[in-house]
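Architecture at a glance
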Amino acid sequence: MDWSPGALMMKSKKIGHRRQGSIDLLETIGVVNENGTEISSMPPVHPPLTFDYVLVAKILDDENDHCISKRKAFIERLKAKKLNVQKFSDVDKVFYCIRAPEKVFETYQYLLKVSDACNWSSEQQGTIPQSTRIRIVDFIVNHTCIESEGVSEYLHDLMKKNIFETHFCLHEKREQKELKQSWARWSACFRGQPITNVRNYLGEKVALYFLWLGWYTFLLIPASVIGIIVFLYGLAFYSTSPLIQEVCQSNIIMCPLCDNRCKVWELSDTCMYAKVSLLFDNEGTVAFAMFMAVWATVFLEFWKRHRSSYVCAWKVFDWCEEEEDLILEIVNNANCQPKMHQHSYLRSTIVMVLVTLMLLIIIGLTHVLVVFRVIATVLLAENSSWPVIIENSQTVALMLGAVLHYITITVMTRVNCTVAMKLSEIENKHSHTAIERSFTVKMFIFQFFTMFSSLMYTAFFLGRINGHPGGYVRISDIWRLEECHPSGCLTDLFIQMSIIMVLKQIFNNIFEYSGPWFSRWLNRKKTQKLRRRCVKCYKKECMSAKEGSELCENCKLEDLHKNYGLIKTDCFSLFNEFLEMVMQYSFTTIFVAAFPLAPLLALLNNIIEIRLDAIKMVSLERRLVPTKANNIGVWTEVLETISVLAVIANGLVIGISSDFIPRLVYKYYYGPCANGSATGIDCMVGYINNTLSIANISDKRVSEDFKPHQMVTNSGINVTYCSYRDYRNNEDYSLTNQFWVILAARLVFIILFEHVVVIFKCVASWFVPTSPLDVRNERLYDKLRRLKEELRVQRAQQDTLTKLNENGNVKRTSKQKKSNKLNSM
């Protein structure tokens, strides 16, 4: 093979100019829209028309005020770092507009070149793009401090004291307009995303978020289709199932569901409930749960491939955030000292104790929700004037509990955010990256327990710890715990999940869009007079301004007001979007066995969510500081954890919550087909009756639970016994042998299910490499070419030095000869 520099250069060009196959695939299926062109490693360079960064403060009347002096001191510190600062004053605001000189970026480029991990970055060559300028200036501004009474005060400290009001970077009108036309508008909902353009404008971190969200949304399509098929499978046997017929045609008298007012009722009264249960609790649920577990693995593995292709094309594959921070520290202060890694066992212990305490509080809220549902069931049954609510008091209480759970999630999200941030500060991490990682993990744990604790109770404890007639478990010896419907508990889990998911998606999207839109409308009304004053100049001069030319003073001020009036953003703005989508991913995978339509709801939501986030970031919010990244950070580990939890949770839901195992046991061991001789009869006939036990009112313990007026049917017939869902002996209420057989079968199924699914996940993970071959080959050629180039430059320098030395030696020899000749004369 020819490894000469020329041949190597040709090969690297061939590889470099051919787009990655993974990117072509994404464009073919409509996830991205790169217009079939080669992805440039370097964002396009447009010399700025205005400024890199802006500080805003209120105009104060007293010039001797300490706020004024601190403000001036901070601005002088920025000027001492060679930053150009221009001041623009308006009626009540003063804007300090910052632009960094080229020398700052030349230092940054040089440090990139000599660094260990960042030296392959494309930014070490050519002109620095505006996104990188903003990132560097943002770092310098936020790491500049003034001394006040022996205490260093940084920008965030000054903002807390109202010395500065806010800070932001400006939107670039041309790029903003292009993104609005191709991406950030509702009519583009079904078009691919221009990920590279998003990266050029908002940075790699935001671009990777939208790439991940687009890929996740696309893969929800097959999951949604399979979920609909499972739903239709249950619907196909909606009327012919012997289980439904047995419930709808039954004359079985069931025990009262509450004390005092509740009476005995007929099993046939819950015919509709049984039909709904069969839609989601059928044989197809098992296959769908296994499919979703493998789906989660395929989704993550292919995501890693797509990420590799893009970060390789952007030349940030080997980029290191910690080393980038060190480079920026030196750019900010050449005499800086590194912040050393530290670990305190005392701090870690305190944080662990506080995290545990917070989790106990969240679990306590789950108990409150359970108590609410129990008490609501009794109150609705005893005090409601509507017969339909009295008859379905438990279902209504469940729905009210789900709404209350959603409200709890909304409130606790803010509480969890505050607590997680405080705990991360206690840990005293050495960098913003470490703080963000710690905050993300804590916030996810808190949110996970907030969202799923109540669902776990419904899935694994509802109807299993409530006792039996004559031995009911009560809260404070007053209120009975809830029971499951004779058709199973899975419908309760489905109702709760569907209400939470629907409410969360609808209200989140409404407030997420309407809030910023309304705020922008108010701010535009406030600055309407200024815009009218600038409109003539704006149209004639500034709209036709060429790259690198300056706007007029009025239009600069108008542009500052326009950006100032947008919604404030910070380093956690993108975190909120990620958290929302990751929690949705949890809902879609963890309890999908109980809610096969969850992927469909997630798909419909995400189609809107992508454009909603795009419109917010481009039109309604201040420009995010473009952040460099080569992955989605700790969210990858969080997603992998959720995938593992999904296997465990779905196995437990099918094995414990679903009636799938009891039906199998009945079909092959206790039903009419158990001995293999039955013909012409459905093997599930008699299953519902088999799951019921009988309580006799003549038993003293039962008579204490049920009053005489409760044992009267709606037709006025007194009954001496009633049925309830459980496998118990009718005499002493001990558990029957069938209960233990079913329990053993449940445990065997859970073990087999989880092992089989884990094997499939491992095979899928092994079968899909993390990086495509063309990515690895391109990186190989690129690194080899760079090494060859470095060697060529080094040899050229050596040759130059050698020639200089030879010339010097010749001159010295010539001078020596002349000197000897003169001496001889």
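Look a little higher up for the structure.
Keep in mind that this is a model prediction, so the values were computed, not measured.

Now for the nonpolar core. Counting residues in each nonpolar core, the largest one holds 136 residues, and the members touching the most others are Trp212 and Phe591. Broken down by element, the residue count for this core peaks at 14 residues, all from helix α9 (residues 204–236). Setting aside anything within four residues of it in sequence, one finds phenylalanine 591 in contact with Phe452, Leu455, Met456, Ala459, Phe460, Leu493, Met497, Ser586, Ala649, Asn650 and Val653. In this structure, Leu78, Val85, Val137 and Phe164 belong to the second largest nonpolar core, which totals 35 residues.

The full count for this structure, using the stated rule, is 4 disulfides. The residue that forms a disulfide with cysteine 673 is cysteine 683, at a sulfur-sulfur distance of 2.0 Å. Taking the sign of the torsion about the S-S bond as the criterion, the disulfide between cysteine 673 and cysteine 683, at about -90 degrees, is left-handed. Residue cysteine 673 is located in the loop between α24 (660–670) and α25 (687–690), and its partner cysteine 683 is located in the loop between α24 and α25; the two are separated by 10 residues in the primary sequence.

So, on to the sheet that holds strand β6 (residues 166–168). The strand order across the open sheet built from 4 strands is β2-β3-β1-β6, with neighbouring strands paired in antiparallel fashion. Looking at the sheet topology across the chains shown, the edges are occupied by β2 (84–89) and β6. Looking at each pair of strands side by side, their axes are set apart by 20 degrees on average, direction ignored. Sheet topology note: the strand β1 (residues 53–58)/strand β3 (residues 93–99) ladder contains 6 bridges and is antiparallel. Bridge assignment links leucine 55 to a residue of β3, and that residue is tyrosine 96. Sheet strands touched by helix α5 (residues 130–142): β1, β3 and β6. Its angle to β1, the strand with the most contacts, is close to 40 degrees.

Turning our eyes to something else, we now look at the environment of leucine 752. Relative to the elements of secondary structure, leucine 752 occurs in helix α27 (residues 737–767). Residue class for leucine 752 comes out exposed when judged on its relative accessible area of 53%. Considered as a pair, leucine 752 and glycine 651 are 101 residues apart in the sequence and their alpha carbons are 9.1 Å apart.

What follows is about α27. Look at α27: 45 Å from first C-alpha to last across 31 residues, which is about the 45 Å you get at 1.5 Å a residue. For α27, the full list of buried residues reads Gln738, Ile742, Arg746, Phe749, Ile750, Phe753, Glu754, Val757, Lys761 and Ala764. Its buried side turned inward, α27 meets α12 (283–313), α23 (635–657), α24 and α25.

Position of arginine 307 among the secondary structure elements: in helix α12. Buried charge without a salt bridge: arginine 307, with aspartate 318 as the nearest opposite-charge side chain at an N-O distance of 9.0 Å. Contact partners of arginine 307, with chain neighbours within four places excluded, come to Leu208, Asn630 and Asn631.

A separate point is the packing of aromatic side chains. Summed over all chains, the structure comprises 42 aromatic pairs. Relative to tyrosine 564, the ring of phenylalanine 95 has its centre 6.2 Å away and its plane inclined at 85 degrees; by these criteria the two rings are edge-to-face. In this pair, phenylalanine 95 is assigned in strand β3 and tyrosine 564 in helix α20 (residues 553–564), connecting sequence segments 469 residues apart. Plain terms: the ring middles of phenylalanine 439 and phenylalanine 575 are 4.8 Å apart, the flat faces sit at 50 degrees to each other, and that makes the pair tilted. Residue phenylalanine 439 is located in helix α17 (residues 432–460), and its partner phenylalanine 575 is located in helix α21 (residues 573–589); the two are separated by 136 residues in the primary sequence. An identical accessibility class is assigned to phenylalanine 439 and phenylalanine 575; each is buried. Residue placement shows arginine 307 over the ring face of phenylalanine 317; its charged tip is 5.8 Å from the ring centre. The ring centre of tyrosine 201 lies 4.1 Å from the NZ or CZ of arginine 623, which sits over that ring.

Turning our eyes to something else, we now look at the pattern of salt bridges. Oppositely charged side chains can pair when the atoms bearing their charge come close. Across all of its chains, the model carries 30 salt bridges by this definition. The salt bridge partner of aspartate 281 is arginine 663, with a shortest N-O separation of 3.8 Å. Taken together, the positions of aspartate 281 in the loop between α11 (271–280) and α12 and arginine 663 in helix α24 put the pair 382 residues apart, joining distant regions of the chain. Summarising the burial analysis for this pair, aspartate 281 and arginine 663 share the class buried. Counted as one network, the salt bridges with shared partners bring together Asp259, Arg474, Arg480, Glu483 and Asp705.

A word on the side chain of lysine 93. Residue placement: lysine 93 occurs in strand β3. Only 3.3 Å separates the side chain of lysine 93 from the side chain of aspartate 92, close enough to count as a polar contact. Residues in contact with lysine 93, not counting those within four places in the same chain, are Val56, Ala57, Ile59, Phe88, Glu165 and Tyr564.

Glancing now at a nonpolar patch on the surface. Together, Leu346, Ile350, Leu354, Leu357, Leu360, Ile361 and Ile363 make up a nonpolar patch on the protein surface, roughly 610 Å² of accessible area in all. Its location among the elements puts isoleucine 350 in helix α14 (residues 345–383).

Our next topic: unusual backbone geometry. The phi torsion at lysine 315 lies on the positive side, around 60 degrees, for a residue other than glycine. With respect to the secondary-structure elements, lysine 315 resides in the loop between α12 and α13 (321–332).

The next point concerns the environment of methionine 456. Its location among the elements puts methionine 456 in helix α17. Methionine 456 sits 135 residues away from phenylalanine 591 along the chain, and the two C-alpha atoms are 9.4 Å apart. Setting aside residues up to four positions removed in sequence, methionine 456 forms contacts with Phe448, Phe461 and Phe591.

Conventions adopted
Residues numbered from 1 in each chain as written. Predicted model: local features only at pLDDT ≥ 70, side-chain atom pairs only at ≥ 80, totals over all residues. Heavy atoms only, no water. Core = buried A, V, L, I, M, F, W, Y, C linked by side-chain atoms within 4.5 Å. Buried < 20%, exposed > 50% of the residue type's maximum accessible area, 1.4 Å probe, protein only. Helix = DSSP H or I, 4+ residues; strand = E, 2+ residues; numbered from the N terminus. Contact = heavy atoms within 4.5 Å. Disulfide = S-S within 2.5 Å. Pairing = 2+ DSSP bridges. Axes fitted to C-alpha atoms, helices over the stretch in contact; angles between N-to-C directions. Expected span 1.5 Å × (residues − 1). Lys, Arg positive; Asp, Glu negative; His and termini not counted. Salt bridge = Lys/Arg side-chain N within 4 Å of Asp/Glu carboxyl O. Phe/Tyr/Trp six-rings, centres within 6.5 Å; stacked < 30°, edge-to-face > 60°. Lys NZ or Arg CZ within 6 Å of the ring centre and 35° of its normal. Polar contact = N/O pair within 3.5 Å; in protein donor to acceptor, adjacent residues only side chain to side chain. Patch = residues over 30% accessible without salt bridge, like charges linked within 9 Å, V, L, I, M, F, W, Y side chains within 5 Å. Areas by Shrake-Rupley, 256 points an atom, 1.4 Å probe, with all protein chains shown as cover.

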